[in-house]
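Chains, contacts and geometry: an overview
Given next are the chains, with one letter for each unit.
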Amino acid sequence: MPDCPAIRVIASPSANLQTGFPPALRSVPHSIVQIEHSEGAEFDAVFRDVSIVFHDGPAIHPQEEAMSIVIIDAAKAAGVDHFILCSVFQPMRTKLRTHQTKLRIEEYLVESRLSYTILQPPNFMQNIPLDAVLSSGLIPTGFSTSVAHGFVDLNDVSLVARKVILDPARHNLAQYELVGENISYDEITSMLSRISRRNIQCEVLTPTEFVARLRLSGEVRTEYAEDSLVRMLVYYDRWGLVGNSNALKWLLGREPTKWEAYAQRELFANLH
Ligand SMILES: NC(=O)c1ccc[n+]([C@@H]2O[C@H](COP(=O)([O-])OP(=O)(O)OC[C@H]3O[C@@H](n4cnc5c(N)ncnc54)[C@H](OP(=O)(O)O)[C@@H]3O)[C@@H](O)[C@H]2O)c1
């Protein structure tokens, strides 16, 4: 991208540089700094000369709020011009622990006196691993498959982030709900079956069974995450997580990507 400003990725020491970041980020003018989330001069120095911070915190981590506060404080101390927070759709749904945490982080940012933009995505379409779904024919869920959920394509989120980064003043003090489409898992499986000409079904597990599976695969490693996820699945079973896509449409200047277009794009190489 010709107008791409210099990007400094600030990542944890455990981040895998080879697979986690595109090669372009590892060469000048971009850079990757690996550092523990902590207070102190070394951590603060990483934010020096940074004009815009995009904060993408760990999704279900007991220290998420503390890490985010440290980063907001460091950004403020370094005099950054603008702070973009990747939050979550409708953080006021505080029965969800993940949303409750994001609500407190949003409040801290809003009261930081920094210029800011808050992005509020619902579930990423990319959460459902399409290659694995096509080979097993199954999408495991831990909740009712007839309940609708809001989804967004991460590419659309990236385009919005780019827009904000290139013109932060225009998006100052804004909170944007980034809903691409409300759709149930039943509708996703029937659409995937149709376009892949395979039989794709939901595999409905109890929340405990679903989380036990994630623990076995190593995707969930702490009791905090297990507990948060079980609560989330129970919530999703009753309420889902639906919203309005007008804000995303306005930001993109076009219709947001829908599930079918996303699946066609991602599966094209496998199917034709
Ligand atoms: N996934 C969704 O559907 C969804 C929906 C709405 C909002 N969100 C929010 O969007 C953001 C990104 O979501 P995600 O699913 O990509 O989250 P994620 O997998 O937890 O990754 C978020 C970032 O946190 C970093 N991270 C994880 N553990 C860390 C640690 N112990 N110390 C320092 N950094 C750590 C990750 O780095 P590594 O890659 O190196 O681990 C990554 O850069 C999160 O804030 C999440 O709450 C996600």
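Below or above, wherever it landed, is the structure these notes cover. Along each chain, residues carry numbers from 1 onward, in the same order as the chain's sequence is written. Reporting in this predicted model follows two pLDDT cut-offs: at least 70 for local features of residues, and 80 or more for side-chain atom pairs to be given and counted; totals over whole chains, interfaces and linings ignore these cut-offs and use all residues.

**Observations regarding the site of the ligand**
Basically, it comes down to this: As a rule, any residue with its backbone-derived C-beta atom within 6 Å of a molecule or strand is reported as near that molecule or strand. Nonpolar residues are Ala, Val, Leu, Ile, Met, Phe, Trp, Tyr, Cys and Pro. Charged residues are Asp, Glu, Lys and Arg, and all others, Gly as well, are polar.
Taken together, 16 residues lie near the ligand, and S12, A15, P58, A59 and F124 sit nearest. Per-class residue counts for the shell around the ligand are eight nonpolar, seven polar and one charged.

**Concerning unusual backbone geometry**
Our working definition: Runs of E in the DSSP output that reach at least two residues are strands. Runs of H or I that reach at least four are helices, and both are numbered from the N terminus. Any residue whose C-beta has 12 or fewer other C-beta atoms within 10 Å is treated as exposed, any with 20 or more as buried, and any in between as partly exposed, C-beta atoms being built from the backbone.
Going from V28 to P29, the amide bond is cis rather than trans, its omega being 15°. With respect to the helices and strands, P29 occurs in the loop between α1 (17-20) and β2 (31-34). We note that Q90 has phi near 50°; this positive angle belongs to a residue other than glycine. Mapped onto the elements, Q90 comes out in the loop between β4 (82-86) and α4 (97-110). The class of Q90 is partly exposed, set by 19 C-beta atoms lying within 10 Å. Phi angles above zero are rare outside glycine, and R197 is one such case at about 55°. Relative to the helices and strands, R197 resides in the loop between α7 (185-196) and β11 (201-204).

**Section: α4**
Cut-off, in case you're wondering: In a helix, the anticipated span is given by 1.5 Å times the number of residues less one. The arc refers to the directions leading from the helix axis to the C-beta atoms. Here the contact rule is simple: place C-beta atoms from the backbone, and any two residues whose C-beta atoms are within 7 Å are in contact.
Look at α4: 20 Å from first C-alpha to last across 14 residues, which is about the 20 Å you get at 1.5 Å a residue. By the burial criterion, the buried members of α4 are T98, H99, T101, K102, I105, E106 and L109. End-on view of α4: buried residues confined to an arc of 155°, all on one side of the axis. In this structure, the buried residues of α4 make contact with α3 (64-78), β4, β5 (116-120) and α9 (223-239).

**Let's talk about the packing of helix α8 (residues 207-216) against α9**
Two quantities define a packed helix pair, namely the angle between the helix axes and the distance between the axes. Note the threshold: Each axis is a line fitted through C-alpha atoms, taken for helices only over the stretch in contact, and angles between the N-to-C directions span 0 to 180 degrees. Oblique is the label for every angle not falling under 35 degrees (roughly parallel), over 145 degrees (roughly antiparallel), or within 65 to 115 degrees (roughly perpendicular). The crossing is said to be left-handed when, going from far helix to near helix, the turn is anticlockwise and less than a right angle, and right-handed when the turn is clockwise.
It is the contact of α8 with α9, at a shortest axis distance of 9 Å, that shows an interaxial angle of 140°. With respect to each other, α8 and α9 are oriented oblique. Judged by the twist between their axes, the crossing of α8 over α9 is right-handed. In this structure, α8 uses P207, T208, F210, V211 and R215 to contact α9, whose residues at the interface are E226, L229, V230, L233 and V234. Grouping the amino acids of the contact of α8 with α9 by side-chain chemistry returns seven nonpolar, one polar and two charged.

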